[in-house]
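Each chain, written out:
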Amino acid sequence: MKYGRTYNFSAGPAMMPEDVLEEIAAEVLNYRGSGMSVMEMSHRSQVFQTILDEAKADLRKLMNIPENYKILFVQGGGTVQFAMVPMNLMRSGLACYMETGAWSKKALAEARKYGEVTVSASSADKNFSYIPDCTHVEIPEKADYVYLCENETIHGTTWHTLPEIGSVPLVSDQSSMFLSRPCDVSRYGLIWGGVQKNVGPAGMAVVIIREDLIRDDLPAFVPTYLSYKTHADNDSLYNTPNCWAIYCCGKVFRYLLDNGGLEAQAKRNEEKAAVLYDFLDQSSFFTGAVVKEDRSVMNVPFVTPSKEQDAAVVAAAKAAGFDNLKGHKSVGGLRASIYNAMPKAGVTALVDFLRNYEKTQA
Ligand SMILES: *Cc1c(COP(=O)(O)O)cnc(C)c1O
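Described in the following lines is the structure provided in the data block. This structure is a prediction, so every number in the text was calculated from the model and none was measured.

Definitions and limits used
Each chain carries its own residue numbering, running from 1 in the written order of its sequence. At least 70 in pLDDT is required for a residue's local features to be given in this predicted model, at least 80 for side-chain atom pairs to be given and counted, and no such filter applies to totals for whole chains, interfaces and linings, which use all residues. In computing side-chain values, all of the structure's heavy atoms are included and hydrogens and water are not. Note on exposure labels: buried denotes an accessible area under 20% of the residue type's maximum, exposed denotes more than 50%, and partly exposed covers the range between, all computed with a 1.4 Å probe on protein chains only. By the criteria applied, helices consist of DSSP H or I runs no shorter than four residues and strands consist of E runs no shorter than two, each listed in order from the N terminus. At least two bridges found by DSSP between two strands is the condition for calling them paired. By definition here, a helix of n residues has an expected span of 1.5 Å times n minus one. In this description, the arc belongs to the directions extending from the helix axis to the C-beta atoms. For Phe, Tyr and Trp, rings pair up if their centres lie within 6.5 Å, where Trp contributes its six-membered ring, and each pair is then called stacked (planes under 30 degrees apart), edge-to-face (over 60) or tilted (otherwise). By the criterion adopted, a ring carries a charge over it if an Arg CZ or a Lys NZ lies within 6 Å of its centre and within 35 degrees of its normal.

Describing the pairing of strand β12 (residues 299-303)
So, step 1. For β12, a buried count of 4 out of 5 residues is recorded, marking the element as mostly surrounded by other parts of the structure.
So, step 2. In this structure, strand β11 (residues 287-288) lies alongside β12, joined through 2 bridges in antiparallel fashion. Residue pairing across strands places Thr 287 opposite Val 303, the latter belonging to β12.

Have a look at this one:
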């Protein structure tokens, strides 16, 4: 790796493409002749407006977002969306949540502050190591939305097939899989993603919302900033946005377009994940933590025979240049997050390291 960078397997904030970081570095003192960096620039300037317009246009192209969906850039990262979704979308007062791990649990706990929450399906019985079968899931017609976390970052599961929920709008937290594969946006009412997992710097979420879900009759307690309508009406410029994050994300959108779009990215991601899963499947020392059909292509949790050995591998890996492999504190073990920007060479090198480590344990 150039510049003494390490293979960083962090679940987030996580790696960004090196080409993008080089472009940002080249523009950091003087953005394209403006005489200033994007960090120093008025969000009302024409030069920033162009950055914002291009970021939105490129994202629309990349995800093939239909005209009747708005793209919003909202501050506060992922956690603010846990509150914004129920505040803005609950009309009847009932929402249905799929409980598949730590992030969907946080989301549903937050939603309970604003209305009634039904857990329509859960994988809590097996420590969230699978995705429940939702082909015949019952969703009350009066429900305002069905919510799921499409990739559970901590547990390493992904909804490879969306649940059958009829006409009730589907809300998806795509934070840790955003832009990792093609997505049929028309199947959702709202998609959101905190950008620090798979796109750019922390502190912002991208929200893609169907226009009919943007309400102007919100309860009075909803803060102005937390109304989707505020952001939609003001082109994400109601107040000073996270200009830097918008700029960096825009670079990544363009980079993905220039590199074959989401289909090509999905292929690269599948190939990378296969290298790691194939190794885990044949290993007698390391074991994957998730059932095969529901495995994430982005976050790969695995364990050794004991907690002590988990910690020893994490330490040895760090010394060998593989950073942030410790599993989340709520789950333990190890976790390799292999987002879009992790090169295949990084995964191959990690697998070589793990294979050699295993040999020393024999
Ligand atoms: C990281 C993460 C969040 C929370 O994001 P913050 O920006 O830290 O608030 C929410 N959902 C998922 C799936 C995540 O991976």
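Side note on helix α9 (residues 344-361)
So, step 1. Here α9 contains 18 residues, and its C-alpha end-to-end distance of 26 Å stays within 8% of the 26 Å for a straight helix at 1.5 Å per residue.
So, step 2. Within the span of α9, buried status applies to Gly 346, Val 347, Leu 350, Val 351, Phe 353, Leu 354, Tyr 357 and Glu 358. For α9, the angular spread of the buried residues around the axis is 160°, confining them to a single face. α9 presents Lys 359 and Thr 360 as exposed residues on the side facing more than 90 degrees away from its buried surface.

Some details on the packing of aromatic side chains
So, step 1. Scanning all chains against the criterion turns up 15 aromatic pairs.
So, step 2. Between Tyr 114 and Phe 221, the aromatic rings sit 5.9 Å apart at their centres with planes inclined by 5°, giving stacked as the arrangement. One end of the pair, Tyr 114, is in the loop between α4 (102-111) and β4 (116-122); the other, Phe 221, is in the loop between β10 (204-210) and α5 (228-233), with 107 residues separating them in the sequence.
So, step 3. Looking at Tyr 114, the relative accessible area reads 25%, which means it is partly exposed.
So, step 4. For Phe 221, a relative accessible area of 48% gives the class partly exposed.
So, step 5. Within the aromatic cluster, the residues linked to one another by ring pairs are Tyr 7, Phe 9, Phe 279, Phe 285, Phe 286, Phe 302, Phe 322, Phe 353 and Tyr 357.
So, step 6. The ring of Tyr 130 carries the charged tip of Lys 126 above its face, separated from the ring centre by 5.6 Å.

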